[in-house]
Amino acid sequence: MKYVSTRSGAPVLTFDDVLLTGLARDGGLYVPDAWPVLSSERMRAFASMSYPDVAVEVMWPFVEGTIERDEFAEIVDRAYATFRHPDVVPLVALGDGVFLLELFHGPTLAFKDVALQLVGHLFDRELQRREARLTIVGATSGDTGSAAIEACRDRSTLEIVMLHPAGRVSEVQRRQMTTVLSPNVHNVAIDGTFDDCQDLVKAMFNDIPFRDRYHLSAVNSINWARILAQVVYYVKAAAELGAPDRPVSFTVPTGNFGNVFAGWVARRIGVPIRSLVVGSNRNDILPRFFRTGVMEMRGVVPTTSPSMDIQVSSNFERLLFELCGRDGGLVREVMAQFREEGRVDLGPDLLGASKEVFDAHRIDDDAVQRVIEATYRRTGVLVDPHTAVGLGAAALHQAEPGVPMICLATADPAKFPDAVEAAVGFRPELPPHLADLFDRPERMVTLPNDLERVEVLVASTTMAG
Ligand SMILES: *Cc1c(COP(=O)(O)O)cnc(C)c1O
């Protein structure tokens with residue numbers, strides 16, 4: 001399989017190159033040049049197969065030709081052996097045809113582990129093969145940082161430098177990063193905001209001589225391999241509830257549109273998905289788009305679901321490419337207008353096409369708190385604020401009778417104890433592997449918001465390795 005850019009102006013690549021490249025050179029995102037078809041017979045078999053076995057089957061057409069199947073299967077097994085639940089991503093019935101798909105049983109308690117645990121192994125394998133090394137540089141407001149660090153720790157092919165805003169991430173989130181003492185992990189607290197951290201990372205990537213000299217790379221959510229790994233749980237959950245013989249719907253709390261785009265891919269390769277419901281917090285660019293057809297940027301407001309406090313949904317570009325008949329020139333124009341004016345009207349045709357599948361709702365913090373409380377009272381299940389955004393959106397969706405609704409649970413409630421306590425009056429406990437998190441030694445350096453100082457640090461870590 002070959003991969004093309006959504007803006008049609010970058011080289012066509014194979015999976016291994018797409019994995020290491022991330023963003024295409026024309027600024028677009030990589031997508032497969034054609035979609036494979038999953039047979040109904042295979043899908044039926046998935047209901048009773050293990051998660052890693054399903055993962056290998058679903059992903060194989062996308063990676064074939066760049067790795068041997070046995071080796072790929074071994075990597076997938078190792079990636080999901082770090083999950084604490086035997087089903088990896090268990091499906092829990094909440095009643096009335098609503099299910100929770102728990103994606104948070106990985107090392108850092110959030111759904112990003114599902115993709116990043118695999119991507120860490122794939123990066124390592126590809127770099128070993130090429131006898132190459134990379135320095136992963138990223139900025140985090142919380143979840144992404146710890147998931148990326150857990151995915152990259154102790155790998156001889158990688159250094160990882162993670163910037164976070166000093167004093168502005170929760171203590172659980174900070175400690176999940178800074179208590180990883182592996183020599184290739186470098187945590188940097190920046191005296192500034194998350195935006196300052198992101199600007200520093202962007203500036204390093206735009207400093208081409210620096211970027212090339214120190215082999216900078218990213219594992220951000222536009223990486224195709226991350227999307228691909230997420231397609232698997234849509235397929236597996238649907239099969240468990242009777243697909244291909246019975247349709248299902250999904251609700252996805254999303255910011256970057258990455259997770260829900262993976263759902264679109266599952267549908268595209270043959271899973272009978274009736275609706276994909278987007279749940280947003282007050283940062284509601286997606287619900288506004290699906291109502292009006294206008295994509296318009298606004299300032300980010302902080303909410304109790306911080307991992308969705310995003311104003312530009314970068315992965316939306318992949319859907320746009322499909323909606324406009326894979327016209328890369330058109331995507332380029334639309335994205336340029338959006339960049340320049342902060343606003344673009346996609347018109348009734350594209351909006352109409354998207355509405356066949358997508359629905360979207362905005363859930364504010366007070367409603368999130370009510371959902372956490374009501375879900376706990378009714379079912380005894382505690383949910384985190386991101387998952388609650390999804391459950392709130394699912395409740396507003398005009399469900400088709402008889403079609404089960406699978407809501408993606410993206411974080412363990414223990415990761416957001418303040419919001420949960422505000423709703424139910426007690427703090428959820430961290431799972432055993434993190435129970436001593438507050439007693440572990442931390443390691444990080446604090447730097448001013450100064451590009452030169454940060455670049456010196458990145459350079460020194462690379463030399464040391
Ligand atoms: C990252 C994250 C999300 C949003 O994921 P997208 O890739 O933006 O769709 C939702 N919930 C949690 C807990 C997250 O960490």
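These numbers were taken from a predicted model, which means no experiment stands behind them.

**Q** Even after reading the chapter, I still don't get helix α12 (residues 285–292), so can you show me in this structure?
**A** In an α-helix there are 3.6 residues to a turn, and that puts residues three or four apart on one side. Judged by how many residues are buried, α12 sits mostly within the fold: six of eight residues are covered. Among all positions in α12, only Ile 285, Leu 286, Pro 287, Arg 288, Phe 289 and Phe 290 are buried. Tucked into the core, α12 has its buried residues touching β10 (273–280), β11 (294–296), α13 (316–323), α14 (328–341), α15 (347–355) and β13 (358–362). One or two positions beyond α12, positive phi appears at Gly 293, with a value near 80°.

**Q** Please explain the site of the ligand as it appears in this structure.
**A** Taken together, 14 residues sit near the ligand, with Lys 112, Asp 143, Thr 254, Asn 256 and Thr 410 positioned nearest. Contacts to the ligand include Asp 143, whose side-chain N or O atom sits 2.7 Å from an oxygen atom. Between the ligand and the protein, one listed contact pairs an oxygen atom with a backbone N or O atom of Asn 259 at 3.4 Å. Taken together, the residues that form the shell around the ligand break down as four nonpolar, eight polar and two charged.

**Q** Would you mind going over the sheet that holds β13 with me for this structure?
**A** Taken in spatial order, the six strands make up an open sheet running β3-β4-β14-β9-β10-β13, and their pairing is mixed. Two strands bound the open sheet, and with one partner strand each, they are β3 (91–95) and β13. Pairs of neighbouring strands in the sheet enclose a mean axial angle of 25°, with direction left out of account. Relative to strand β14 (residues 405–409), strand β9 (residues 248–253) is paired through three bridges, and the arrangement is parallel. Along β14, the bridge assignment pairs Phe 250 with Ile 406. Lying over the sheet, helix α10 (residues 224–240) contacts β3, β4 (98–102), β9, β10 and β14, oriented at roughly 140° with respect to β9. The strands touched by helix α17 (residues 385–396) are β3, β4, β9, β10, β13 and β14; relative to β9, the strand with the most contacts, the crossing angle is about 135°.

Calculation notes
What you see as residue numbers is a count from 1 along each chain, following the sequence as written. This being a predicted model, a pLDDT of at least 70 is required before a residue's local features are given, and a value of 80 or more before pairs of side-chain atoms are given or counted; all residues contribute to the totals for chains, interfaces and linings. To obtain the side-chain values, all non-hydrogen atoms of the structure were included, while hydrogens and water were left out. A 1.4 Å probe rolled over the protein chains alone gives each residue an accessible area, and that area as a share of the maximum for its type sets the label: buried under 20%, exposed over 50%, partly exposed in between. Only DSSP runs of H or I covering at least 4 residues are called helices, and only runs of E covering at least 2 are called strands; the numbering of each starts at the N terminus. The criterion used for residue contact is that any of the two residues' heavy atoms lie within 4.5 Å. Consider each residue's heavy atoms; a residue with any of them within 4 Å of a molecule or strand counts as near. N or O atoms within 3.5 Å of each other form a polar contact, as long as, within protein, one can give a hydrogen and the other can take it, and as long as residues adjacent in sequence are counted only when both atoms are side-chain atoms. Any residue outside Ala, Val, Leu, Ile, Met, Phe, Trp, Tyr, Cys, Pro, Asp, Glu, Lys and Arg is labelled polar, Gly included; the first ten of those are nonpolar and the last four are charged. Strands were regarded as paired on the criterion that DSSP finds at least two bridges between them. Helix axes are fitted to C-alpha atoms over the stretch in contact, other axes to C-alpha atoms as well, and angles between N-to-C directions run from 0 to 180 degrees.

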